[in-house]
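Topology and contacts: notes
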Amino acid sequence: MKEGLRQSMAWLHTWTGLLLGWLLFAMFATGTAAYFQDEITRWMQPEVTGRPDPVVAAEGAVRFLQTTAPDAKRWFITPPNSRSATTQVFWQPDGDRPRGSRRDTSATLDGQGRKIEARETRGGTFLYRFHFDLHYLPVIWARYLVGIAAMFMLVAILSGVITHKKIFADFFMLRFGKGQRSWLDAHNVTAVLALPFHLMITFTGLVTLATLYMPWGIAANYASPDSFFDTVFAQSEEVERSGKPVPLAPVGAMMRTASAEWHGAGVGFLSVSNPGDATATVSLTRAPEDAIGSRGPQLTLDGTTGRRLDASVSKGAALETESVMIGLHAGRFAEWGLRWLYFLSGVGGTIMVGSGLVLWTVKRRARLPDPERPHFGFRLVERLNVAAIAGLGAGLATYFLANRLLPLRMEARADWEVHSLFIAWAAVLIWALVRPARRVWIEALALAALLFAAVPFVNALTTPRNLFASFAAGDWLFAAFDAVMLLLAAGFGWAARKAARPRSVRAPRRAPQASDTVAAA
Amino acid sequence: MIHFLAITLALCGFALLAISMPRHQANMAGRKLAPVVTRRARVGGYTLLLLVLVLDGFAFGAGYGAVAWFGHLSIGAWSVVAWLCIGVWRADAASTKSES
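Residues numbered from 1 in each chain as written. Chains lettered and ligands numbered in written order. Predicted model: local features only at pLDDT ≥ 70, side-chain atom pairs only at ≥ 80, totals over all residues. Heavy atoms only, no water.

**Re the overall build of chain B**
The line we're drawing: Here a helix means four or more residues in a row that DSSP labels H or I, a strand means two or more in a row labelled E, and each is numbered from the N terminus. Put simply, the radius of gyration uses C-alpha atoms, and a globule should come to 2.2 Å times the residue count raised to 0.38. Per-residue accessibility, obtained with a 1.4 Å probe over protein chains only, is compared with the maximum for each type, and a residue is labelled buried under 20%, exposed over 50%, and partly exposed between these values. Any pair of residues with heavy atoms lying within 4.5 Å of one another is described as a contacting pair. For the accessible areas, the method is Shrake-Rupley and the probe is 1.4 Å, while residue cover comes only from the protein chains on display.
Secondary structure assignment for chain B yields four helices and zero strands. Listing the helices and strands of chain B from first to last along the sequence gives α-α-α-α. Taken over C-alpha atoms, the radius of gyration comes to 16 Å for chain B, far larger than the 13 Å a tight globule of 100 residues would show. A principal-axis box enclosing the C-alpha atoms of chain B has dimensions of 55 × 30 × 15 Å. Counting over 100 residues, chain B shows a buried share of 40%. Counting contacts in chain B only where the partners sit at least 6 residues apart, residues at least 24 apart contribute 67% of the total. Here chain B has roughly 5600 Å² of accessible surface; of this, 72% comes from carbon and sulfur atoms.

Shown next, in the form of structure tokens:
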């Protein structure tokens, strides 16, 4: 080997990090936001209030389904958890009926089982799905792309530990105003101080879709992937309706039976087969917030008597490991304190990826033959960085603004909220391509800051739940959401101000202060 | 409350580890510390971090506590970084004032 390990690792780190870095930035940012997906959904449906009881809500959902889809093959009910306010129901129509769109076979209900009269939105769920399904792209392609990005991330983390040899000597080092040195410090500090989180989140992220990325184990042992999933996840077998109508026993009692079996843990999901028939069965799954493992135990009861039929067999070691790994990744078990720790670690990861992308250009700018006229690759990376970092910020803020500003009864409203995110993102990309490089960082970051700062104000103008009202009412969810928007605005604003400082190729002997620059300007 | 306590302890632990590193001693203590003090700070720092693990384990149980521990360590360490930055800013501001 001609070059040393560190050089080859540096090469690997640079290029694996860059090639899918923009996608990784978006995955980290939206994934971090998704730790608060239920809270974001609540903010995006300000009409919905209250803290419904899951058992009452499930009974209400059954009443709704009995009138809406009495002869469905299956009902699926997700009652509210401790953070959400609504019940999601979905039903599989009888086989003879033509399959409509998902909109015709699903509904969002309130705590009493009434259809919710609130603005149409995909809420935090969209950010969660985008994090691994992306958008405007067939899901399967998106998941392969995301998987490759995650694999690159894993390589970048491991090679990064070897490359940045001074990370442990520079453990607490963050020096401002020193050009490349500062970017390296920021990259190191956000990476190393949450290294266990970054490794865990990247590896377990791959595990969530492992059967997609590595299907060979299943292919070698099962007739089809479906038979594997049926075996592992205990889908109860489809039974023909007997045609003898027997009313469904109260699901509230069934949920209490299940909770007692699981030492008090709640029910997170119910599936009812052949409702209203003598052959009805009800499968209950433990709520994901009540243990780290994401695939909780299941209990199947007779739908007409509530008698216990079957309980899921305990999982083998491999499945149990998978369940815990996915649980660790999604953090559904985390109560609010740990949830904030997850969120802050995610913010650290987002900054790590972002600072790494910027570092690529900062490092090369000093070495350019003519810094005024950089080569094509450099210009491309520089502009894509602006679009990925500031553009996504502007897009997310626009998504929240669109939620408040689009007409409430608009056709396809939820879709247009999502479109507005990407319109804003694309606008910043185009802006980044046409503007002079020196100006574009400042302008795009300032735009993102302004848009985030606008969110609490637009919220105050369009809903009665403004920041002061939220504080007065002790509504910490709304208050915290507005506060985080203002903090993001401050962060982007600070970054814009930093970008506005005259750029020095060589670091000055001692860091000039931000206040000095303002005084000098 | 447990989170607050755990983060504070982790912050103290990392602060001790930082002060055990020669490059931070000038900033934090104003002078280079004797080797024996440095070693005590290092041992004390690691002990505190372990103590946070024990605290988290008792407060949240083994699995949940271990996850929380990593979170507490990250926030504690970032707090030390922020603290050091503020220290450097202050020192710079003071020296700028005295120069002018």
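**Regarding the nonpolar core**
Taken as a class, soluble globular proteins show a tendency for nonpolar side chains to be buried jointly. Using the following cut-off: What we call a nonpolar core is a set of buried Ala, Val, Leu, Ile, Met, Phe, Trp, Tyr and Cys residues that are connected through their side-chain atoms within 4.5 Å. These domain boundaries are the output of an automatic or database domain assignment.
By size, the foremost hydrophobic cluster in this structure holds 116 residues, and its most contacted members are Phe172, Leu338, Tyr342 and Phe400 of chain A together with Phe14 of chain B. Top element by residues in this core is helix 15 (residues 376-405) of chain A. It accounts for 13 residues. Residues lining this core come from more than one domain, with at least three contributed by each of domain 1 (1-47 + 123-232) and domain 3 (368-514) of chain A. Among all residues touching Leu338 of chain A, those that are not within four sequence positions of it are Phe333 of chain A together with His3, Tyr64, Val67 and Ala68 of chain B. The next biggest cluster of nonpolar side chains, apart from the first, holds 30 residues, and it includes Leu109, Val251, Trp262 and Leu301 of chain A.

**Quick notes on the side chain of Arg383 of chain A**
Residues and elements named next belong to chain A. Formally: Charge convention: Lys and Arg are scored as positive, Asp and Glu as negative, and His as well as the terminal groups of each chain are ignored. Salt bridges are defined as contacts in which a side-chain nitrogen from Lys or Arg sits within 4 Å of a carboxyl oxygen from Asp or Glu. Polar contact is defined as a pair of N or O atoms within 3.5 Å, subject to the rule that within protein one atom must be able to donate a hydrogen and the other to accept it, and that residues adjacent in sequence are counted only when both atoms are side-chain atoms.
Within the secondary structure, Arg383 sits in helix 15. This buried residue, Arg383, is left without a salt bridge; Glu382 holds the nearest opposite charge, at 4.7 Å. A polar atom in the side chain of Arg383 sits 2.8 Å from the backbone oxygen of Ala432.

**Quick notes on the interface of chain B and chain A**
Basically, it comes down to this: Note on definitions: buried area is the accessible-area loss of two parts on being combined, 1.4 Å probe, summed for both.
Each side of the interface is counted separately: chain B has 27 residues, and chain A has 29 residues. When the buried area of chain B at its contact with chain A is split by residue, Arg23, Tyr64 and Trp78 of chain B rank highest and sum to 27% of it. Our enumeration of links across chain B and chain A arrives at zero salt bridges. Looking at the side of chain B that touches chain A, the elements with two or more residues in it are helix 1 (2-19), helix 2 (22-29) and helix 4 (62-99) of chain B.

**Focus on the packing of aromatic side chains**
All names here are of chain A. This is how the line gets drawn: Two aromatic rings, drawn from Phe, Tyr or Trp (for Trp, its six-membered ring), form a pair once their centres lie within 6.5 Å of each other, and the interplanar angle then sorts them: stacked below 30 degrees, edge-to-face above 60, tilted otherwise. Sitting over a ring, as applied to charges here, requires NZ of Lys or CZ of Arg to be within 6 Å of the ring centre and within 35 degrees of the ring normal.
By the definition in use, this model includes 35 aromatic pairs over all chains. Seen from their ring centres, Tyr222 and Phe228 are 5.2 Å apart, and the 70 degrees between their planes marks the pair as edge-to-face. Take Phe228: its relative accessible area is 13%, and that puts it in the buried class. Between Tyr399 and Phe400, the aromatic rings sit 5.9 Å apart at their centres with planes inclined by 45 degrees, giving tilted as the arrangement. Judged by relative accessible area, which is 0%, Tyr399 ranks as buried. For Phe400, a relative accessible area of 5% translates into the label buried. Among the aromatic residues, ring-to-ring pairing joins Trp43, Phe126, Phe130, Tyr136, Tyr399, Phe400, Phe422, Trp425, Phe478 and Phe481 into one connected group. The ring of Trp43 has Arg404 lying over it, and the distance from NZ or CZ to the ring centre is 3.7 Å. Over the ring of Phe478 we find Arg465, and its NZ or CZ is 3.7 Å from the ring centre.

**A word on the confidence of the model for chain A**
Detailed reading of the predicted coordinates is not advisable wherever pLDDT falls low. Residue and element names in this part refer to chain A. Just so we agree on the cut-off: Confidence of the predictor at the level of single residues is given by pLDDT, which spans 0 to 100.
This prediction gives chain A a mean pLDDT of 89; 93% of its residues lie at or above 70. When the elements of chain A are averaged for pLDDT, helix 20 (residues 514-520) gives the smallest value, 37, and helix 2 (residues 21-34) the largest, 97. Within the model, the stretch residues 505-521 combines pLDDT values under 50 with 19 contacts to residues more than four positions away or in other chains.

**Topic: unusual backbone geometry**
All names here are of chain A. Despite not being glycine, Asn274 has its phi angle at roughly 45 degrees, a positive value. Structurally, Asn274 is set in the loop between strand 4 (267-273) and strand 5 (281-286). On the basis of relative accessible area, Asn274 is assigned to the buried category, the value being 5%. If you check the backbone angles, Ala412 has positive phi at about 55 degrees while not being a glycine. Its place among the elements puts Ala412 in the loop between helix 15 and helix 16 (413-434).

**Remarks on the domain arrangement of chain A**
Taken as a whole, chain A is organised into domain 1 (1-47 + 123-232), domain 2 (51-117 + 235-312) and domain 3 (368-514). Summarising the inter-unit geometry, the C-alpha centres of domain 2 of chain A and domain 3 of chain A are found 42 Å apart.

**Structural notes on the environment of Asp110 of chain A**
Residues and elements named next belong to chain A. Position of Asp110 relative to the elements: it lies in the loop between strand 3 (106-109) and helix 5 (123-133). Distance in space between the C-alpha atoms of Asp110 and Pro80 is 9.0 Å, their sequence separation being 30 residues. In this view, Asp110 contacts Thr87 and Ile116; residues no more than four positions away in its chain are not counted. Within the structure, Asp110 has its side chain in polar contact with the backbone nitrogen of Gln112 (distance 2.9 Å).

**Let's talk about the side chain of Thr300 of chain A**
Residue and element names in this part refer to chain A. Along the chain, the position of Thr300 falls in strand 6 (residues 298-302). A polar atom in the side chain of Thr300 sits 3.2 Å from the side chain of Ser283. Once you skip the residues sitting within four places of it in the chain, Thr300 turns out to touch Thr281, Val282, Ser283, Arg307, Arg308, Leu309 and Asp310.

**Comments concerning the packing of helix 3 (residues 37-44) of chain A against helix 15 of chain A**
Residue and element names in this part refer to chain A. To keep things clear, this is the line we draw: Angles run from 0 to 180 degrees between N-to-C directions of axes, and those axes are lines fitted to C-alpha atoms, restricted for helices to the stretch in contact. We call Asp, Glu, Lys and Arg charged. Ala, Val, Leu, Ile, Met, Phe, Trp, Tyr, Cys and Pro are nonpolar, and the rest, Gly among them, are polar.
At a closest axis distance of 10 Å, the pairing of helix 3 and helix 15 adopts a crossing angle of 35 degrees. Along the contact surface, helix 3 presents Ile40, Trp43 and Met44, while helix 15 presents Tyr399, Phe400, Asn403 and Arg404. Looking at the contact of helix 3 with helix 15, its residues break down into five nonpolar, one polar and one charged.

**Describing helix 3 (residues 35-60) of chain B**
Residues and elements named next belong to chain B. Cut-off, in case you're wondering: A helix is expected to span 1.5 Å multiplied by its residue count minus one.
Between the first and last C-alpha of helix 3 there are 38 Å, a value that for 26 residues agrees with the 38 Å anticipated at 1.5 Å per step. Within helix 3, the full set of buried residues consists of Thr38, Ala41, Gly45, Leu48, Leu49, Val52 and Asp56. Of the residues flanking the end of helix 3, it is Gly61, one or two places downstream, whose phi is positive at about 90 degrees.

**Side note on the sheet that holds strand 3 of chain A**
The strands making up a sheet are joined through hydrogen bonds of the backbone, oriented either antiparallel or parallel. Residues and elements named next belong to chain A. Our working rule: DSSP-based pairing: two strands are paired if at least 2 bridges between them are found.
The strand order 3-2-1-4-5-6-7 describes an open sheet built from seven strands, whose pairing is antiparallel. Two strands in the sheet have a free side with no partner beyond their single neighbour: strand 3 and strand 7 (308-311). The sheet shows a mean angle of 20 degrees between the axes of neighbouring strands, taken without regard to direction. Where strand 2 (residues 87-92) meets strand 3, four bridges bridge the pair, whose relative direction is antiparallel. If you follow Val89 over to strand 3, its bridge partner there is Ala107. Against the sheet, helix 4 (residues 54-68) contacts strand 1 (74-78), strand 2, strand 3 and strand 4, and its axis sits at roughly 35 degrees relative to strand 2.

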